[in-house]
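# Structure assessment
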Amino acid sequence: MFFAFQFLTIFIICSCFLACPILAKYQENDSVTLWVNKAAPYVNPQETYSYYSLPYCRPADIDHKWGGLGGVLGGNDLIDSRIDIKFKRDVEKRSICELKLDASKIAQFKYAIDNSYWFEFFIDDLPIWGFVGEVHSHRVGHNTHALYTHKMIQIDYNRDQIIRINLSHEMPKPLEEGRTLDMTYSVKWFPTNISYEQRFNVYLNNYFFENEIHWFSVFNSIMMVIFLTGLVSMILMRTLRNDYAKYARENDDMETLERDVIEESGWKLVHGDVFRPPQNLALFSAVVGTGAQLATLVLLVILSAYFGKMYMRRGAIITTFIVCYALTSFISGYVSGGLYSRNAGENWMKSMFLTASLFPFLCFGIGFILNTIAIFYGSIAAIPLGTIVVVFVIWAFISMPLSLLGTVVGRNWSGTPNNPCRVKNIPRPIPEKKWYLRPSVISLVGGLLPFASIFIEMYYIFASFWTYMLHYYVYGFLLLVFIVLIIVTICVTIVGTYYLLNAENYHWQWTSFFSAASTALYVYLYAIYYYHSKTKMSGLLQTSFYFGYTLMFCLGVGILCGAVGYLGSNLFIRRIFGNIKCD
């Protein structure tokens, strides 16, 4: 525990250094670089293209700024615009270039204007956005497309630091073939008292905190936790108490014992089969180990984001996620190896490989399809080959060895069978029960309450990632909701497992896993609803990105919740069967 605490502390400190923006200070007349990034249709935020995919004037030599691994994976491609900006020096009006319009350029600009294309610039790591142009309606059926030719940049500064950027447009000019447009810009500098630490506050949406529904959902989730923990406690303290009392009797006569055996029913009858190894043990061990790793991963990333304010730097969350995933691979191997060994598994190579590669390969398969579509469209959302190689190297030389090491350690340190009941040689037949006690029904119902506990937070997460609510920054809320999700998932799965065992069905391992994992099914159904009712997304690229990355997210949620549900049910079952005289 002490070493785990040390690791958590060191990781958060490192993440804070990673997430904090580089403190930039300027002297008067120092050059300030304006980086152009990407352009995209307003309704499709992830259908991004290079800024110079639009027929603007390009610099003679292209100077890229790569924002690290997270920046590239986030679909950023910063290029030096070569626009001359000096610190604290106003520019009244200066020409960028002369743009001569031909039929091809006009067609591109008209398409961009009709689809409300926006573009993104960066100055000192502060983003600014603007639109390509506008449409003037003269009469029905006759519209004129006008291109914004003048960019007015307002920069607030506090002593030697840039605090705030604002971009506005002037002088829209109609698009006419053969016409030459003078593309210009101006710069105005204004002093401000806002501190450097507060400069990102303008990008944060206070709606997260001001909305009463957000607070109500958290309160509702907490009440749900209290109710469910009370329900589980009632099962443990009241429902099981009589069973324990009967099994604890030592001086009963033979007639009483025979009567008890005849009347006995429910979970007590399966004590000889309840610890029988589940089917597909290698796969089961792999998903449980991966889920334990993902639970640790999410906790570390949330804590790092909370303390490190990662919204202040491009790609910090993604970079932290990848590094954290690689470093926590030991946990997946340890949990999987111990579980596989305790159930007398023999095919160790299969178990080790599945644990190390199952979730990464699933994500890689989805990502490969999405990347192929992005390359076909020419989008900068396509991940370059070099970045793919870097991610593969991290997995091959850090994640996989740690997972294999964890498997060996788990096998030797926690792999000794310690079941409280002996497993019988002949499996007990499972009687037919009512439809609502079937494993499939319990599995589907099990995810409803966990999903209900995170339903409102799902809206804010989807709104932040798939629309323009900018940065998700309420990581305190997210941490609380994550803890609530874990508790609700464990409680619901324990209740479902208890009713399954009462139906004399001892195949509880996969049922407990799927009962908790079905939360991801409801998250995906909500994603379908959100796509159709809350967005105006269209086109193959945006649609595939939306449902592809959402599928990747739901796979992670399902494996995480499934592992947590199983581990909670396993502790519950060991507790109740450890308190009776099984043999």
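Residues numbered from 1 in each chain as written. Predicted model: local features only at pLDDT ≥ 70, side-chain atom pairs only at ≥ 80, totals over all residues. Heavy atoms only, no water.

## Some points on a nonpolar patch on the surface
So the rule is basically this: By definition, no residue in a patch forms a salt bridge, and every one has over 30% relative accessible area; like charges are joined within 9 Å, nonpolar side chains (Val, Leu, Ile, Met, Phe, Trp, Tyr) within 5 Å. Surface exposure here means Shrake-Rupley accessible area, sampled with a 1.4 Å probe, where a residue is shielded only by the protein chains that are shown. Salt bridge, as used here: a side-chain nitrogen of Lys or Arg that lies within 4 Å of a carboxyl oxygen of Asp or Glu. Secondary structure follows DSSP: runs of H or I at least 4 residues long count as helices, runs of E at least 2 residues long count as strands, and numbering of each begins at the N terminus. Relative accessible area decides the class of each residue, using a 1.4 Å probe on protein chains only: under 20% of the type maximum gives buried, over 50% gives exposed, and in between gives partly exposed.
Taken together, the side chains of Val-323, Leu-327, Phe-364, Phe-368, Ile-369, Leu-385, Ile-388, Val-389, Phe-392, Val-393, Phe-397 and Ile-398 make up a nonpolar region of the molecular surface, amounting to roughly 1,200 Å² of accessible area. Breaking the nonpolar patch down by element, the ones donating at least two residues are helix 9 (316-327), helix 11 (348-377) and helix 12 (385-413). The greatest single-element share of the nonpolar patch, amounting to seven residues, is contributed by helix 12. Relative to the helices and strands, Val-393 resides in helix 12. Taking the relative accessible area as the measure of exposure, Val-393 reaches 37% and is therefore partly exposed.

## Details of the environment of Met-349
Relative to the helices and strands, Met-349 resides in helix 11. Taking the relative accessible area as the measure of exposure, Met-349 reaches 64% and is therefore exposed. Distance in space between the C-alpha atoms of Met-349 and Ala-282 is 9.5 Å, their sequence separation being 67 residues.

## Structural notes on helix 17 (residues 540-578)
Selection criterion: Expected helix span is given by 1.5 Å per residue-to-residue step, counting one fewer step than there are residues.
Here helix 17 is 39 residues long and its end C-alpha atoms lie 55 Å apart, about the 57 Å a rise of 1.5 Å per residue gives. Counting buried residues in helix 17 gives 28 out of 39 residues, a clear majority hidden from the surface.

## Details of empty space enclosed by the protein
Over the atoms rolls a probe the size of a water molecule, and in doing so it shows where empty space is left. The criterion, for reference: Cavity and pocket criteria rest on a 1 Å grid covering protein atoms alone: a 1.4 Å probe that fits but cannot get out defines a cavity, protein on both sides within 12 Å along at least 5 of 7 lines defines an open pocket, and an atom within 4 Å of a point defines a lining residue. Grid points are joined across faces, edges and corners, and a volume is the space filled by probe spheres set on the points. Think of it as three bins: nonpolar holds Ala, Val, Leu, Ile, Met, Phe, Trp, Tyr, Cys and Pro, charged holds Asp, Glu, Lys and Arg, and polar takes everything else, Gly as well.
Applying the stated rule across the entire model yields one cavity of 30 Å³ or more. In this structure, the largest cavity spans a volume of roughly 40 Å³. What lines the largest cavity is simply Ser-217, Val-218, Ser-221, Ser-453, Ile-454, Ile-456, Glu-457 and Val-481. Looking at the lining of the largest cavity, the elements with two or more residues in it are helix 5 (212-239) and helix 14 (448-466). It is helix 14 that contributes the most residues to the lining of the largest cavity, four residues altogether. Here the lining of the largest cavity is built from residues that sort into four nonpolar, three polar and one charged.

## What to know about the environment of Tyr-26
Going by this rule: Every residue pair with non-hydrogen atoms within 4.5 Å of one another is taken to be in contact. Each polar contact in these results corresponds to two N or O atoms within 3.5 Å; when the atoms are within protein, one needs to be able to donate a hydrogen and the other to accept it, and residues that are neighboring in sequence are counted only if both atoms are side-chain atoms.
Counting through the fold element by element, Tyr-26 comes out in the loop between helix 1 (2-19) and strand 1 (34-41). According to the relative accessible area criterion, Tyr-26 is buried, its value standing at 13%. When the C-alpha positions of Tyr-26 and Ile-162 are compared, they lie 8.3 Å apart, and in sequence the two are 136 residues distant. When near neighbours in sequence (up to four residues on either side) are disregarded, Tyr-26 contacts Ser-31, Val-32, Phe-87, Asp-124, Asp-160 and Ile-162. A polar contact is formed between the side chain of Tyr-26 and the side chain of Asp-124, at a distance of 3.4 Å.

## Examining the pairing of strand 9 (residues 142-158)
Where a strand is regular, its side chains alternate between the two sheet faces. In plain terms, the rule: Two strands make a pair as long as DSSP finds a minimum of two bridges between them.
The element strand 9 is extensively covered by neighbouring structure, given that 13 of its 17 residues are classed as buried. Relative to strand 10 (residues 161-174), strand 9 runs antiparallel, the two sharing 12 bridges. Of the residues in strand 10, the one forming a bridge with Asp-156 is Arg-164. Counting the residues that bridge the hairpin from strand 9 to strand 10 gives two residues, and of these Arg-159 lies at a positive phi of roughly 60°. Examined bridge by bridge, strand 9 and strand 11 (residues 180-191) share eight bridges and lie parallel to one another. What sits directly across from Asp-156, in strand 11, is Phe-190.

## With respect to the state of the cysteines
Here is the rule we go by: Two cysteine sulfurs form what is called a disulfide whenever their separation falls within 2.5 Å.
A complete count under the given rule lists one disulfide for this structure. For Cys-57, the disulfide goes to Cys-97, at an S-S distance of 1.9 Å. When the S-S torsion is 85°, as for the bridge of Cys-57 with Cys-97, the disulfide is right-handed. Of this pair, Cys-57 sits in the loop between strand 2 (49-50) and strand 3 (64-65) while Cys-97 sits in strand 5 (residues 91-100), and the two are 40 residues apart along the sequence. A relative accessible area of 23% means that Cys-57 is categorised as partly exposed.

## Here we look at the packing of aromatic side chains
Quick note on the threshold: Two aromatic rings, drawn from Phe, Tyr or Trp (for Trp, its six-membered ring), form a pair once their centres lie within 6.5 Å of each other, and the interplanar angle then sorts them: stacked below 30 degrees, edge-to-face above 60, tilted otherwise.
Counted by the stated rule, this structure contains 51 aromatic pairs. Seen from their ring centres, Phe-392 and Trp-395 are 5.8 Å apart, and the 45° between their planes marks the pair as tilted. Taken together, the residues span about one helical turn, with Phe-392 and Trp-395 both in helix 12 at a distance of three residues. Each ring, one from Trp-435 and one from Tyr-436, has its centre 5.7 Å from the other, and the planes form 85°; the classification is edge-to-face. Given a relative accessible area of 57%, Trp-435 falls into the exposed group.

## A short note on the pattern of salt bridges
For the coordinates displayed, the defined rule picks out 10 salt bridges. Two residues, Asp-80 and Arg-82, come together in a salt bridge whose shortest N-O distance is 3.4 Å. Residue Asp-80 is classed as buried on the basis of its relative accessible area, which comes to 11%. Residue class for Arg-82 comes out partly exposed when judged on its relative accessible area of 43%. For the salt bridge of Glu-504 with Arg-428, the shortest nitrogen-to-oxygen distance reads 3.3 Å. Separated by 76 residues along the polypeptide, Glu-504 in the loop between helix 15 (475-502) and helix 16 (508-534) and Arg-428 in the loop between helix 12 and helix 13 (439-446) bring together distant segments of the chain. Given a relative accessible area of 9%, Glu-504 falls into the buried group. Ionic contacts of the salt-bridge type, sharing partners, join the residues Asp-61, Asp-80 and Arg-82 into one network.

## Looking at the side chain of Glu-47
Filter applied, for reference: For this count, His and the chain ends are skipped, Lys and Arg are scored as positive, and Asp and Glu as negative.
Note that Glu-47 resides in the loop between strand 1 and strand 2. Here Glu-47 is buried and forms no salt bridge, its nearest opposite-charge partner Lys-38 lying at an N-O distance of 13 Å. Reaching out from Glu-47, the side chain makes a polar contact with the side chain of Asn-44 at a distance of 2.8 Å. A distance of 2.7 Å separates a polar atom in the side chain of Glu-47 from a polar atom in the side chain of Tyr-49. If near-sequence neighbours (up to four positions away) are discounted, Glu-47 is found in contact with Ala-39, Ala-40, Pro-41, Ser-538, Leu-541 and Gln-542.

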